Amino acid sequence: MDVMKIAAIGVAGVLLGVFVRSYKSEYSLFISMAVCTCIFLYLISKLELVLGYINSVQSLIVVDERYIGTILKMIGITYIADFSSSLCKDAGYQAIAGQIETFAKMSILLISMPVLMSFIQTIEEFL
């Protein structure tokens, strides 16, 4: 089961980090980043399954491909920003983490503008 593997990697990373922290505290940060990166890369490998499900839903429902692409970009921005922000917070750089989160929010707003404009035009046509 995938969750058990990820949980084991996470717990092993934490235990290794706690053990190393007593000798060289700066190395525990690198262990934390390495474990987070491994888990994130494993998550990305599972993205292919999600894309397959999205394609099957798209074949059942007539939806413009731009909208699906926009949603996928938003999801990607959210996960990447959350991952990098968490790493920065763990390293003690809360200000940089906050800037990453702000930039991600603005990026999502920018990407969603064409969809919002299309929605407003559709409503306008009905009225």
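Given the structure is predicted, the values throughout are model-derived calculations rather than measurements. (Residues numbered from 1 in each chain as written. Predicted model: local features only at pLDDT ≥ 70, side-chain atom pairs only at ≥ 80, totals over all residues. Heavy atoms only, no water.)

This part covers the overall build of the protein chain. In terms of regular secondary structure, the protein chain is built from 5 helices and 0 strands. Reading the helices (α) and strands (β) of the protein chain from amino to carboxyl end gives α-α-α-α-α. Taken against the 2.2 N^0.38 rule, which gives 14 Å for 127 residues, the C-alpha radius of gyration of the protein chain at 20 Å runs more than 25% over that of a compact globule. Along the three orthogonal principal directions, the C-alpha set of the protein chain runs to about 70 × 35 × 15 Å. Looking at the 127 residues of the protein chain, the share that counts as buried comes to 15%. In the structure as shown, the protein chain presents an accessible area of about 9800 Å², 72% of it carried by carbon and sulfur atoms. (Helix = DSSP H or I, 4+ residues; strand = E, 2+ residues; numbered from the N terminus. Rg over C-alpha atoms; globule rule 2.2 N^0.38 Å. Buried < 20%, exposed > 50% of the residue type's maximum accessible area, 1.4 Å probe, protein only. Areas by Shrake-Rupley, 256 points an atom, 1.4 Å probe, with all protein chains shown as cover.)

Structurally, glycine 98 can be placed in helix α5 (residues 94–126). Looking at glycine 98, the relative accessible area reads 24%, which means it is partly exposed. Glycine 98 sits 87 residues away from valine 11 along the chain, and the two C-alpha atoms are 27 Å apart.

Following both chains from N to C, one finds helix α1 (residues 2–21) and helix α2 (residues 25–45) inclined at 170°, their axes separated by 8 Å at the closest point. Classed by the angle they form, the pair α1 and α2 counts as roughly antiparallel. Across the interface between the two elements, Asp2, Lys5, Ile6, Ile9, Gly10, Gly13, Leu16, Gly17, Val20 and Arg21 from α1 touch Ser25, Tyr27, Ser28, Ile31, Val35, Ile39 and Tyr42 from α2. (Axes fitted to C-alpha atoms, helices over the stretch in contact; angles between N-to-C directions. Parallel < 35°, antiparallel > 145°, perpendicular 65-115°, else oblique. Contact = heavy atoms within 4.5 Å.)

So, on to the packing of helix α3 (residues 47–60) against helix α4 (residues 65–91). It is at 11 Å that the axes of α3 and α4 come closest, and there the two elements cross at 155°. Here α3 lies roughly antiparallel to α4, going by the angle between them. The way α3 lies across α4 gives a crossing that is right-handed. Contacts between α3 and α4 involve Leu51, Ile54 and Gln58 from the first element and Glu65, Ile68 and Leu72 from the second. A per-class count over the contact of α3 with α4 returns 4 nonpolar, 1 polar and 1 charged. (Left-handed = near helix turned anticlockwise from the far one by under 90°. Nonpolar A, V, L, I, M, F, W, Y, C, P; charged D, E, K, R; others polar.)

In this structure the tally under the stated criterion is 2 aromatic pairs. The interplanar angle of 70° and the centroid separation of 5.4 Å between the aromatic rings of phenylalanine 19 and tyrosine 23 together place this pair among those described as edge-to-face. Take tyrosine 23: its relative accessible area is 63%, and that puts it in the exposed class. Relative to phenylalanine 83, the ring of phenylalanine 40 has its centre 4.3 Å away and its plane inclined at 15°; by these criteria the two rings are stacked. Here phenylalanine 40, found in helix α2, pairs with phenylalanine 83, found in helix α4; they are 43 residues apart in sequence, far enough to count as distant. For phenylalanine 40, a relative accessible area of 16% gives the class buried. (Phe/Tyr/Trp six-rings, centres within 6.5 Å; stacked < 30°, edge-to-face > 60°.)

What follows deals with the environment of phenylalanine 40. Once the C-alpha coordinates of phenylalanine 40 and phenylalanine 83 are considered, the two residues, 43 residues apart in sequence, prove to be 7.9 Å apart. Phenylalanine 40 has contacts with Tyr79, Ile80 and Phe83, leaving out every residue within four places of it along the chain.

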